[in-house]
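# A structural walkthrough
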Amino acid sequence: MFEQVKLGFEMNGLEPTIDQLTMETHYGKHHAAYTKMFNELAEKAGVADKSAEEILGSLDSIADETLRKGLRNQGGGYYNHNLYFSTLAPDAAKAPTGKLLDKINETFGSVDEVVDKLSKAAVGQFGSGWSFLSVDKAGNLFVTASPNQDNPISEGTGRTPILALDVWEHAYYLKYKNLRADYVKAFWEVLDWKKVTELYDKAVG
């Protein structure tokens, strides 16, 4: 059974960057609904014994078009939100370390530059979606944006997302209204680079 990632803080723990009502709505309702629907669809499709990554990475194997679309949307919503919420913290580390820091400097020139690229991808995403920092099997890093609940796994890139920036309106509208860029700028105050570093290290082995 797929479960929501457990938060390491209270619902008001990210204030003032992300307010309590947004957390209660986003995590407590939206993410909970994606998780419930993903579990139901995975059971129907006979793939509940697989990991979310396996399901999203092999959607073409689902013959029923309705189930395939449902798994892409609900499974993507489950996976993306689990990643998003797992990398937020009140006492967030402000910079990556180790191999991830070295690779960011090698690929983008600096942490500020990768933050800028991820921010621009998020702000520039038309409609609902995400920006991602992902890694391939060789440890290379990529900044991309995806619509709706898609991600580099469901898009068939073979890459693993290690950072997800949610720009669906439900992620920010209660506090930031239509000022998406303000939310994106504030997001980095609670993004825990320590967790992102751990995910990179796990992905590259």
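Keep in mind that what you see is a predicted model, and the values were worked out from it rather than measured. (Residues numbered from 1 in each chain as written. Predicted model: local features only at pLDDT ≥ 70, side-chain atom pairs only at ≥ 80, totals over all residues. Heavy atoms only, no water.)

### Section: the nonpolar core
Formed by 42 residues in total, the largest nonpolar core has its most connected members in Y183, W188 and W193. Looking at this core, the elements that each hand over two or more residues are α1 (20-45), α3 (65-86), α4 (98-108), α5 (111-124), β1 (129-135), β3 (160-166), α7 (180-187) and α8 (193-204). In terms of residues, this core owes the most to one element, α5, which gives 5 residues. With residues up to four places along the chain from it excluded, the contact list for W193 reads A93, K94, A95, P96, L100, I104, V111, V114, V115, L133, L163 and W188. (Core = buried A, V, L, I, M, F, W, Y, C linked by side-chain atoms within 4.5 Å. Buried < 20%, exposed > 50% of the residue type's maximum accessible area, 1.4 Å probe, protein only. Helix = DSSP H or I, 4+ residues; strand = E, 2+ residues; numbered from the N terminus. Contact = heavy atoms within 4.5 Å.)

### Some remarks on the sheet that holds strand β2 (residues 141-147)
Ordered in space as β2-β1-β3, the 3 strands form an open sheet in which the pairing is antiparallel. Both edges of this open sheet fall to β2 and β3, since each of them pairs with a single strand only. Taken pair by pair, the neighbouring strands of this sheet meet at an average axis angle of 25 degrees, ignoring direction. Examined bridge by bridge, β1 and β2 share 7 bridges and lie antiparallel to one another. (Pairing = 2+ DSSP bridges. Axes fitted to C-alpha atoms, helices over the stretch in contact; angles between N-to-C directions.)

### Some thoughts on the packing of α5 against α7
The interhelical angle for the contact between α5 and α7, taken along N-to-C directions, is 150 degrees, at an axis separation of 10 Å. In terms of orientation, α5 lies roughly antiparallel with respect to α7. Here the hand of the crossing between α5 and α7 comes out right-handed. Judged by residue contacts, S119, A122 and V123 of α5 engage R180, A181 and V184 from α7. Considering only residue class, the contact of α5 with α7 consists of 4 nonpolar, 1 polar and 1 charged. (Parallel < 35°, antiparallel > 145°, perpendicular 65-115°, else oblique. Left-handed = near helix turned anticlockwise from the far one by under 90°. Nonpolar A, V, L, I, M, F, W, Y, C, P; charged D, E, K, R; others polar.)

### Examining α1
Helical geometry: 3.6 residues make up each α-helical turn, so side chains three or four residues apart lie on a common side. In this model, α1 (26 residues) spans 36 Å end to end at C-alpha, consistent with the 38 Å of a helix rising 1.5 Å per residue. Where α1 is buried, its residues contact α2 (52-57), α3, β3 and α6 (173-176). Positive phi appears at G46, one or two residues downstream of α1, with a value of about 75 degrees. (Expected span 1.5 Å × (residues − 1).)

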